Each structure stands twice: as structure tokens, then as C-alpha cells.
Amino acid sequence: MTRESMLARTLVELADSLVDDFDVVDLLMLLADRCVEVLDVQAAGIMLATPDGQLRVMASSSETMRVLELFETQAQEGPCFDCYHTGQAVVNQDLDAVNGRWPRFAAEALGAGFHSAHALPMRLRGSVIGALNLFRDGVGQMGPADLEVAQAFADVATIAILQHRATREAQILAQQLTGALNSRVILEQAKGMVAERLDLDMERSFATLRSHARNHNLRLIDVAQSVIDGSLATSGLDASPAAKP
């Protein structure tokens, strides 16, 4: 397969994740593998940030790359670390000449056989969610065309991940709203049963349910459900102060 065909195929595969449910790790593994196949690099890896801003290794094109990225997170220095925290690309770094910048990481990377490093931000507008790491076993600059392609890969993956997060958050919100609405229906039903059986108005009926829940350290919705299913008799409810004769 030609480079152009592989590039087109990769962009299509990444774009497909924008409309279909997908596994984030699978997506990032695909991205790492395709970077090695399409670009002039020997290894690639992706780190994503946790909610508290800590980078975590998510995908690597090889075991050597995975170990190096783990070292980078532990040492808290290296191209990916800088790229994420600045939001700017870190490219064409000759590892033989950056010992002062990343003293521990550079030595580790050279020991793993890599001589140049590049990192591109996974960013959408002002939100940086991680970085794409690229390594070569030789020195010399990575061409502008390869850098553009690598950034395009990272951008499409970023959009997919952020959309996935937004979809999941919307689903959770919908579930919470549905749960709240269902709880309200149950509570209203229980209030009606208590009002009828204890000859109370709706306000006192609600106060009775709430008083019983508080006295017994129970959730109000659980008390209401117990009244409805008969596991808690209305005569067994603790009367609220307002409901006492």
C-alpha cells in the first residue's frame, strides 16, 4: 500500500470513530501504529491527561516505547511532558544535545536507541488533553509534511475523544434526569397513599415520610418505595411533629 493510500485509510478509520461507538485505547493504538507506518519515525506513543492533569501512557507502538514513556511520566521531563504543559509542539530535538534540558530522559532515550524526539499536542481550541510522542533512531529534522500529517492524526483523535467524553457525559446527565423524574413519581405516589390511609393532607403526608427517613437514617426515596410495595406499613411511619395530634 502506498503512503498516500495508507494516509487516506488512517484518516478514514480515525474519522469513523466520530460517529460510531469506539474504544479509546483501540483508537490510540491505531494512531500509534499508523504513525510508524506512514511517517519517518521508528516509534510512537500517546499520553492522555487525567482530570487532575497527570499524564498517563495510553498507547505505544512497541514495548521499548512504552517503557520509555513510563520513564518520562515518572521523571516528569521530556518532550511529551513539555508539549502537554505548554500546548506547543516540541519538534526536531536532537537527544545527544539536550542533556541540559532533559538530563534523565535524554540518557534513557539514547539508551533505548533513539536519537531524535518530537511531541505534538492533542488540542482542540483551548483544551489540551494529551500529546503524541514520535521518536527516530537517527538524527536530523522531521520534514514539514510529516509534521503536518502527524498533527492531523493527533487532531482527529482529539476530536473523537472529546466527542466521546461529551456523549458519555450527556448520557449520564440523561440517566440522572430520568432517575430524578422517576423518584418524584414514586414520592408522589407514596404521599398519596400516606395521606389517604392516615387521613392527612399532602403537606403533612410528605412531612411524615421525611421525618421517618431522617429518624431512621434512610433515603426518602427508599422509604417511599417501601410504602408503595407494602414492606413498610403506613401505620409504622414515625409521625412528624406537625402530624402529631
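About the cut-offs
Residue positions are given per chain, counting from 1 as you read along its sequence in written order. In keeping with the predicted nature of the model, local features appear solely for residues at pLDDT of at least 70, side-chain atom pairs appear and are counted solely at 80 or more, and the whole-chain, interface and lining totals rest on all residues. Think of the side-chain values as coming from all heavy atoms in the structure, minus any hydrogens and water. Secondary structure follows DSSP: runs of H or I at least 4 residues long count as helices, runs of E at least 2 residues long count as strands, and numbering of each begins at the N terminus. Each domain's extent is set by a domain assignment, obtained either automatically or from a database. Here, a salt bridge means any Lys or Arg side-chain nitrogen found within 4 Å of an Asp or Glu carboxyl oxygen. Relative accessibility decides the category of a residue: with a 1.4 Å probe and only protein chains considered, values under 20% of the type maximum give buried, values over 50% give exposed, and everything between is partly exposed. With axes taken as lines fitted to C-alpha atoms, and helix axes fitted only over the stretch in contact, angles between N-to-C directions fall between 0 and 180 degrees. Note on angle classes: values under 35 degrees are labelled roughly parallel, values over 145 roughly antiparallel, values of 65 to 115 roughly perpendicular, and the remainder oblique. Take the far helix as your reference; a near helix turned counterclockwise from it by less than a right angle gives a left-handed crossing, and one turned clockwise gives a right-handed crossing. Any two residues having at least one pair of non-hydrogen atoms within 4.5 Å are treated as being in contact. Three classes are used: nonpolar for Ala, Val, Leu, Ile, Met, Phe, Trp, Tyr, Cys and Pro, charged for Asp, Glu, Lys and Arg, and polar for all others, with Gly counted as polar.

### Let's talk about the environment of Q141
Right, so step 1: Relative to the helices and strands, Q141 is located in the loop between β5 (127-136) and α6 (144-198).
Right, so step 2: Between the alpha carbons of Q141 and D94 there is a distance of 8.7 Å; along the sequence they are 47 residues apart.

### Some remarks on the domain arrangement of the chain
Right, so step 1: When its domains are assigned, the chain resolves into domain 1 (3-170) and domain 2 (199-243).
Right, so step 2: Computed over C-alpha atoms, the centres of domain 1 and domain 2 are 57 Å apart.

### Here we look at the pattern of salt bridges
Right, so step 1: With the rule as written, the count across this model stands at eight salt bridges.
Right, so step 2: The partner of D82 in a salt bridge is R101, with the nearest N and O atoms 3.3 Å apart. Here R101 lies in the loop between β3 (90-94) and α5 (103-111) and D82 lies in helix α4 (residues 79-86), a separation of 19 residues in the sequence.
Right, so step 3: On the basis of relative accessibility, which here comes to 41%, the residue R101 falls in the partly exposed class.
Right, so step 4: With its nearest N and O atoms 2.7 Å apart, the salt bridge here joins E188 to R184. Taken together, the residues span about one helical turn, with E188 and R184 both in helix α6 at a distance of four residues.
Right, so step 5: Classification of E188 as partly exposed rests on a relative accessible area of 31%.

### Some words on the packing of helix α1 (residues 3-16) against α6
Right, so step 1: Where α1 meets α6, the closest approach of the two axes is 9 Å, and the angle between their N-to-C directions is 20°. Of the possible angle classes, the one that applies to α1 and α6 is roughly parallel. Considering how the two elements wind past one another, α1 and α6 form a crossing that is left-handed. On the side of α1, the interface is formed by R3, L7, T10, L11, L14 and A15, while α6 contributes D146, V149, F153 and V156.
Right, so step 2: In terms of residue class, the contact of α1 with α6 is made up of seven nonpolar, one polar and two charged.

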